[in-house]
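For reference, the chains in residue letters:
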Amino acid sequence: MSIRLSIAAVAAAVVLSATAAEAACNIPANSGAMQSELIDNLNAERAKRGLVALRLNPALDKAAQGHACDNAARQSISHVSSDGSQLQNRLRRAGYAYRTAAENTGRGFASGARAVQWWMNSPDHKHNMLIGKMRDVGVGIAMSAAPDSRLHWIIVMGKSK
């Protein structure tokens, strides 16, 4: 019984700490326009190669935004969250049951177009964005605290079960 309570307490602490980090997150006022610009540029690159356009998915968006906030708080571009979780853990927490998923992280890009341009010039990031099976996308954007004051970008792409 006490083991179950301990596990439940740890799980609740993780959820609360993630919620607190997101609440303290500095999300740019124009993040919606920035997100649209990124998705438009991403889908243009996919269209050039005959791939289907990705559609915005609320669960992937939640996972991406949470990780962007976490990375901004740490001034990091890590794929591992401050709680040690990996992409698959974050997708489960966000409620996205996936067949395949990939994530790109970045920092310092002034626009969604610049983020896509940079990622397209990086073989691993480009590969992630051009996986033909992907159907959904989420985008997270957060500003790190001054004096760093850089935009942190996360895109999560996936195909649900």
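Source: prediction; values computed, not measured.

1. Quick look at the overall build of the protein chain
- Summing up its helical and strand segments, the protein chain has 6 helices and 4 strands in all.
- When its helices and strands are written in sequence order, the protein chain yields α-α-β-α-α-β-α-α-β-β.
- Buried residues in the protein chain amount to 43% of all 161 residues.
- For the protein chain, the proportion of contacts with a sequence separation of at least 24, taken over those separated by at least 6, is 70%.
- Taken as a whole, the protein chain presents about 8,400 Å² of accessible surface, with 55% of it coming from carbon and sulfur.

2. Some points on the state of the cysteines
- In total, this model carries 1 disulfide according to the counting rule given.
- Residue pairing for Cys-25: its cysteine sulfur links by disulfide to Cys-69, the two sulfurs lying 2.1 Å apart. The sign of the -85° torsion about the S-S bond sets the Cys-25-Cys-69 disulfide as left-handed. Separated by 44 residues along the polypeptide, Cys-25 in the loop between α1 (2-23) and α2 (31-48) and Cys-69 in helix α3 (residues 58-74) bring together distant segments of the chain. With respect to class, Cys-25 is no different from Cys-69; both count as buried.

3. A word on the packing of α3 against helix α4 (residues 87-94)
- Two elements in contact, α3 and α4, have axes whose closest approach is 9 Å; the angle formed by their N-to-C orientations is 125°. Relative to α4, α3 is oriented oblique. Considering how the two elements wind past one another, α3 and α4 form a crossing that is right-handed. Where α3 approaches α4, its residues Ala-59, Leu-60, Lys-62, Ala-63 and His-67 are matched on the opposing element by Arg-90, Leu-91 and Ala-94.
- Considered class by class, the residues forming the contact of α3 with α4 number 5 nonpolar, 1 polar and 2 charged.

4. Re α3
- An ideal rise of 1.5 Å per residue puts 24 Å on 17 residues; α3 measures up with 24 Å between its terminal C-alpha atoms.
- When you tally the buried positions in α3, you get 12 out of 17 residues, the bulk of the element.
- By the burial criterion, the buried members of α3 are Ala-59, Leu-60, Ala-63, Ala-64, Gln-65, Gly-66, His-67, Ala-68, Cys-69, Asp-70, Asn-71 and Ala-72.
- Sitting at the amino-terminal end of α3 is Asn-57, which places a side-chain oxygen 2.9 Å from the backbone nitrogen of Ala-59.
- Among the residues trailing α3, Gln-75 stands out with phi positive, at a value near 50°.

5. Looking at the side chain of Asp-148
- Mapping Asp-148 onto the fold places it in the loop between β3 (136-143) and β4 (151-160).
- For Asp-148, the side chain forms a polar contact with the side chain of Ser-144, separated by 2.4 Å.

6. Looking at the packing of α2 against helix α5 (residues 112-120)
- Closest axis-to-axis distance for the α2/α5 pair is 7 Å, and the angle between their directions is 35°. The two elements α2 and α5 meet at a crossing, and its hand is right-handed. Facing Met-34, Glu-37, Leu-38, Asn-41, Leu-42 and Glu-45 of α2, the residues of α5 in contact are Gly-112, Ala-113, Ala-115, Val-116, Trp-119 and Met-120.
- A per-class count over the contact of α2 with α5 returns 8 nonpolar, 2 polar and 2 charged.

7. Some thoughts on unusual backbone geometry
- A cis amide bond links Ala-146 with the next residue in sequence, Pro-147, at an omega value of 10°.
- The backbone of Gln-75 sits at a positive phi, close to 50°, despite the residue not being glycine.
- Residue placement: Gln-75 occurs in the loop between α3 and α4.

8. Digging into the sheet that holds strand β1 (residues 55-56)
- Taking strand neighbours across the sheet as the criterion, the 4 strands line up as β1-β3-β4-β2 in an open arrangement whose pairing is mixed. Strand pairing shows two members of the sheet lacking a second neighbour, β1 and β2 (98-107), which therefore form its edges.
- Direction of pairing for β1 relative to β3: parallel, over a ladder of 2 bridges. Paired with Leu-56 across the bridge in β3 is Val-137.
- Against the sheet, α2 contacts β1, β3 and β4, and its axis sits at roughly 135° relative to β3.
- Along the sheet face, α3 touches β1, β2, β3 and β4 and points at about 25° away from the line of β3.

Criteria and thresholds
Residues numbered from 1 in each chain as written. Predicted model: local features only at pLDDT ≥ 70, side-chain atom pairs only at ≥ 80, totals over all residues. Heavy atoms only, no water. Helix = DSSP H or I, 4+ residues; strand = E, 2+ residues; numbered from the N terminus. Buried < 20%, exposed > 50% of the residue type's maximum accessible area, 1.4 Å probe, protein only. Contact = heavy atoms within 4.5 Å. Areas by Shrake-Rupley, 256 points an atom, 1.4 Å probe, with all protein chains shown as cover. Disulfide = S-S within 2.5 Å. Axes fitted to C-alpha atoms, helices over the stretch in contact; angles between N-to-C directions. Parallel < 35°, antiparallel > 145°, perpendicular 65-115°, else oblique. Left-handed = near helix turned anticlockwise from the far one by under 90°. Nonpolar A, V, L, I, M, F, W, Y, C, P; charged D, E, K, R; others polar. Expected span 1.5 Å × (residues − 1). Polar contact = N/O pair within 3.5 Å; in protein donor to acceptor, adjacent residues only side chain to side chain. Pairing = 2+ DSSP bridges.

Everything listed is a geometric property; what it means functionally is a separate question.
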